[in-house]
Amino acid sequence: MTTNTNIREYFCKIIKEDEDVSVGVAAIRALMELIKHSKSETVQELEANLKDAIQEMKNSNYTVAGINSGCELFLRFITLASLDTSGFDECKQIMLDRGHLFIKKLDEARGKIVKLAANFIEDGSKVLTHSRSRVVLQTLRKAHKQNKKFEVFVTISEPDKSGLRMLEDLKSDGIPCTVILDSAIGYIMEQVNFIMVGAESVVESGGIVNKVGSYTMAVCAKEMKIPFYVLTESFKFSRLFPLGQQDLPEEYKYTSEIRAKSNLKEIHPLVDYTPPSYITLLFTDLGVLTPSAVSDELIKLYL
């Protein structure tokens, strides 16, 4: 695990072998492996290698938003170690210890969110969701195990039809669910009690970057006064401040493979930006937040 190519292969392997792991967590685990086997002799050299490895993972065929926010926070957390000691070997060990602590927090984060969000699902609820969010799926499963009776509507979620996977997961657990066309969001909206979606990234304003179509769903929900809930881990909080769709970086909207081979004007983006004014609450491992509270929490994370 000494080259960036190996890191990218290791990163892709983690995702393929564990479908419940997010892209951001897989990237952080890969960085930990790099630190463990690094032949670097100085902190500066190791940090440079880590940044190169992050770029290499961003060049794989996965969305970049989760990689960016998770890895940025991870580097900030572990490289504070360089202030604590003058010896490189000791410093490297502190980085590893802090990295393990960081990953432990990540592993616990989803459970905290699920516990909070499941309480909002009551008997008779009709829930609308978009794409296949792992944390939303686990929340629905927990509510079902609590013997709550509810129904789920899930969009097909073009272009990869990830909603169909969500449908299969829900049906396998015996949760009543119906798949709908992305274009049927407005039609079904008057039947639902609230919306639950995940997020690829949460930006400074409290808005989210998520699977394309999330913004459309949020606009429709606000017009019809339906709560729009976002379930997301705090490691996805990102120091990005888009004002609109065109402010999203190209690497967020398209994979490296698409950017290299296609005329982007002819390709639909993979994600869109939902401004904070359309979001009711964010369920996070830091607690239930309003969008306006995100910037304060982001500052705390980077202190």
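As annotated in an unreviewed UniProt entry, the chain carries the name Translation initiation factor eIF2B subunit alpha and is attributed to Diabrotica balteata. If you open the UniProt record of the chain and go to Sequence similarities (unreviewed entry), you find "Belongs to the eIF-2B alpha/beta/delta subunits family." UniProt, in its Subcellular location (unreviewed entry) section for the chain, records the words "Cytoplasm, Cytosol".

Enquirer: Explanation requested: the overall build of the chain in the structure shown.
Expert: If you tally the helices and strands in the chain, you get 12 helices and 10 strands. Over its C-alpha trace the chain gives a radius of gyration of 20 Å, about what one expects of a compact globule, namely 19 Å for 303 residues. In terms of overall dimensions, the chain has C-alpha extents of about 60 × 45 × 35 Å along its principal axes. Counting only residues that meet the buried cut, the chain has 53% of its 303 residues in that class. Taking contacts inside the chain between residues at least 6 apart in sequence as the whole, the part at least 24 apart equals 74%. One finds the centroid of the 37 positive side-chain charges in the chain at a distance of 3 Å from the centroid of its 41 negative side-chain charges.

Enquirer: When you look at the side chain of N210 in this model, what are you seeing that I'm missing?
Expert: Inspection of the secondary structure assignment puts N210 in strand β6 (residues 208-211). A distance of 3.5 Å separates the side chain of N210 from the backbone nitrogen of E200, its partner in a polar contact. For N210, the side chain forms a polar contact with the side chain of S214, separated by 2.9 Å.

Enquirer: Even after reading the chapter, I still don't get the nonpolar core, so can you show me in this structure?
Expert: The biggest cluster of nonpolar side chains holds 63 residues, and the ones touching the most others in it are F11, M189 and F228. The element contributing the most residues to this core is helix α2 (residues 23-37), with 10 residues. The contacts of F228, once residues within four sequence positions are left out, are I195, V197, I208, S214, M217, A218, A221, Y278, I279, T280 and L281. Counting residues in hydrophobic clusters, the runner-up holds 24 residues, among them V135, A143, L167 and Y229.

Enquirer: I tried to follow the pairing of strand β2 (residues 151-155) on my own but got confused; where do I start?
Expert: Residues in a regular strand project their side chains so that they alternate between the two faces of the sheet. Most of β2 is tucked away, with 4 of its 5 residues classed as buried. Direction of pairing for strand β1 (residues 126-129) relative to β2: parallel, over a ladder of 4 bridges. Its bridge partner being in β2, T129 is matched across the sheet by V154.

Enquirer: Is there a simple way to think about the sheet that holds strand β5 (residues 201-202) in this case?
Expert: Picture the strands of a sheet paired through backbone hydrogen bonds; they go either parallel or antiparallel. Overall, antiparallel pairing links the 3 strands, which are arranged β5-β6-β8 in an open sheet. The sheet terminates laterally at β5 and β8 (271-274), the two strands that pair on one side only. As defined by bridge partners, β5 adjoins β6 across 2 bridges and the pair is classed as antiparallel. Within the sheet, the bridge partner assigned to V202 lies in β6 and is I208. This element, helix α9 (residues 214-223), spans β6 and β8 of the sheet and lies at about 30° to β8.

Enquirer: What exactly am I supposed to notice about helix α12 (residues 294-302) here?
Expert: Because the α-helix completes a turn every 3.6 residues, residues three or four places apart line up on one side. For α12, the complete set of buried residues consists of V294, E297, L298 and Y302. For α12, the buried positions fall inside an angular range of 130° around the axis, keeping them on one side. Facing away from the buried surface of α12 by more than 90 degrees, the exposed residues are I299 and K300. Buried residues along α12 sit against α4 (65-78), β5, β9 (281-284) and β10 (287-289).

Enquirer: Would you take a moment to explain helix α6 (residues 134-145) for this structure?
Expert: Look at α6: 16 Å from first C-alpha to last across 12 residues, which is about the 16 Å you get at 1.5 Å a residue. Within the span of α6, buried status applies to V135, V136, L137, T139, L140 and A143. The elements touched by buried residues of α6 are α5 (88-118), β1, β2, α7 (162-172), β4 (194-197) and β7 (228-231). The positive-phi residue at the C-terminal boundary of α6 is N147, with phi of around 65°.

About the criteria used
- Residues numbered from 1 in each chain as written.
- Predicted model: local features only at pLDDT ≥ 70, side-chain atom pairs only at ≥ 80, totals over all residues.
- Heavy atoms only, no water.
- UniProt positions renumbered as here; feature names shortened; annotations may be inferred.
- Helix = DSSP H or I, 4+ residues; strand = E, 2+ residues; numbered from the N terminus.
- Rg over C-alpha atoms; globule rule 2.2 N^0.38 Å.
- Buried < 20%, exposed > 50% of the residue type's maximum accessible area, 1.4 Å probe, protein only.
- Contact = heavy atoms within 4.5 Å.
- Lys, Arg positive; Asp, Glu negative; His and termini not counted.
- Charge placed at Lys NZ, Arg CZ, Asp CG, Glu CD.
- Polar contact = N/O pair within 3.5 Å; in protein donor to acceptor, adjacent residues only side chain to side chain.
- Core = buried A, V, L, I, M, F, W, Y, C linked by side-chain atoms within 4.5 Å.
- Pairing = 2+ DSSP bridges.
- Axes fitted to C-alpha atoms, helices over the stretch in contact; angles between N-to-C directions.
- Arc of directions from axis to C-beta.
- Expected span 1.5 Å × (residues − 1).

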